[in-house]
Amino acid sequence: MTADPAAAPAAPPPPASKAPPRGPFAQRRDGRVAALQYLFAWSMNVPQNLAVDLSYFFDTLEHPRDHYAFGEELINGVIEQVADLDASIKGLAHNWEFSRIARMDLTILRLAMYEMKFRKDIPPIVSINEAIDLSKQFSSGDSRRFINGILDRFKDQLGRDARKA
């Protein structure tokens, strides 16, 4: 049997739906990972239109954009405070030139320090632990000691209980 050339082409399959939302802790983790990925790319190529770029970025992810609301807050906050965060990193990275810090490690530090300084709803120790976990997943084995050292010194400068929000 041969196909009828006059027949209409088959309709494309419907687009795959986004994955269902996860619990609040997993959702925050997903948000941190998305923020890390976006900020890493942003650090290498700052977009002309952040809103458009963010829209495109979130459209490529597994869950709907609102699932990553926490991550989007982190992205906007880090970008807004990047000069302040970088100044803090420069002051804490003893015997290490800022330009030599691996881009992924710098992104993890910016993200964690933003949370520690500007997100009073998150205990600093949680931000440090999350940064260490991100470094295990996205950076080299030696990075976590470097990141932990910088964040531990930063925590001591905050003047608040590291275990309380």
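Here, every reference points to the structure presented above.
None of the values given here were measured: they were computed from a predicted structure. (Residues numbered from 1 in each chain as written. Predicted model: local features only at pLDDT ≥ 70, side-chain atom pairs only at ≥ 80, totals over all residues. Heavy atoms only, no water.)

Asks: Quick rundown of the overall build of the chain? Include the residues and the values.
Replies: When its secondary structure is counted, the chain shows six helices and zero strands. The secondary structure elements of the chain, listed N-terminal to C-terminal, are α-α-α-α-α-α. Buried residues in the chain amount to 40% of all 165 residues. Nonlocal contacts in the chain, meaning residues at least 24 apart in sequence, comprise 73% of its contacts between residues at least 6 apart. Carbon together with sulfur atoms contributes 54% to the accessible area of the chain, which is approximately 9800 Å² in total. (Helix = DSSP H or I, 4+ residues; strand = E, 2+ residues; numbered from the N terminus. Buried < 20%, exposed > 50% of the residue type's maximum accessible area, 1.4 Å probe, protein only. Contact = heavy atoms within 4.5 Å. Areas by Shrake-Rupley, 256 points an atom, 1.4 Å probe, with all protein chains shown as cover.)

Asks: Let's hear about the pattern of salt bridges: which residues, and what values?
Replies: One pass over the structure, following the stated rule, counts 12 salt bridges. Here R32 ties to E115 by a salt bridge, and the two come within 2.7 Å at their closest N and O atoms. Separated by 83 residues along the polypeptide, R32 in helix α1 (residues 24–44) and E115 in helix α4 (residues 103–118) bring together distant segments of the chain. Of the two residues, R32 and E115, neither departs from the other in class, the shared state being buried. R65 serves as the salt-bridge partner of E72, at 2.5 Å between the closest nitrogen and oxygen. Exposure remark for R65: the relative accessible area of 33% places this residue in the partly exposed category. (Salt bridge = Lys/Arg side-chain N within 4 Å of Asp/Glu carboxyl O.)

Asks: Residues and numbers for the packing of helix α2 (residues 50–59) against helix α3 (residues 69–92), please.
Replies: Where α2 meets α3, the closest approach of the two axes is 12 Å, and the angle between their N-to-C directions is 145 degrees. Crossing geometry of α2 relative to α3 is assigned as right-handed. Residues L50, L54 and F58 of α2 form the contact with α3, whose participating residues are E72, I75, N76 and I79. When the residues that make up the contact of α2 with α3 are grouped by side-chain class, the tally is five nonpolar, one polar and one charged. (Axes fitted to C-alpha atoms, helices over the stretch in contact; angles between N-to-C directions. Left-handed = near helix turned anticlockwise from the far one by under 90°. Nonpolar A, V, L, I, M, F, W, Y, C, P; charged D, E, K, R; others polar.)

Asks: With reference to specific residues and values, describe the environment of I125.
Replies: Mapped onto the secondary structure, I125 falls in helix α5 (residues 124–138). Other than its neighbours up to four places away in sequence, I125 contacts A162 and R163.

Asks: Explain the side chain of S135 to me, and be specific about the residues and the numbers.
Replies: With respect to the helices, strands and loops of the structure, S135 is situated in helix α5. Only 2.7 Å separates the side chain of S135 from the backbone oxygen of I132, close enough to count as a polar contact. Setting aside residues no more than four positions away along its own chain, S135 makes contact with I108, S140, R144 and I147. (Polar contact = N/O pair within 3.5 Å; in protein donor to acceptor, adjacent residues only side chain to side chain.)

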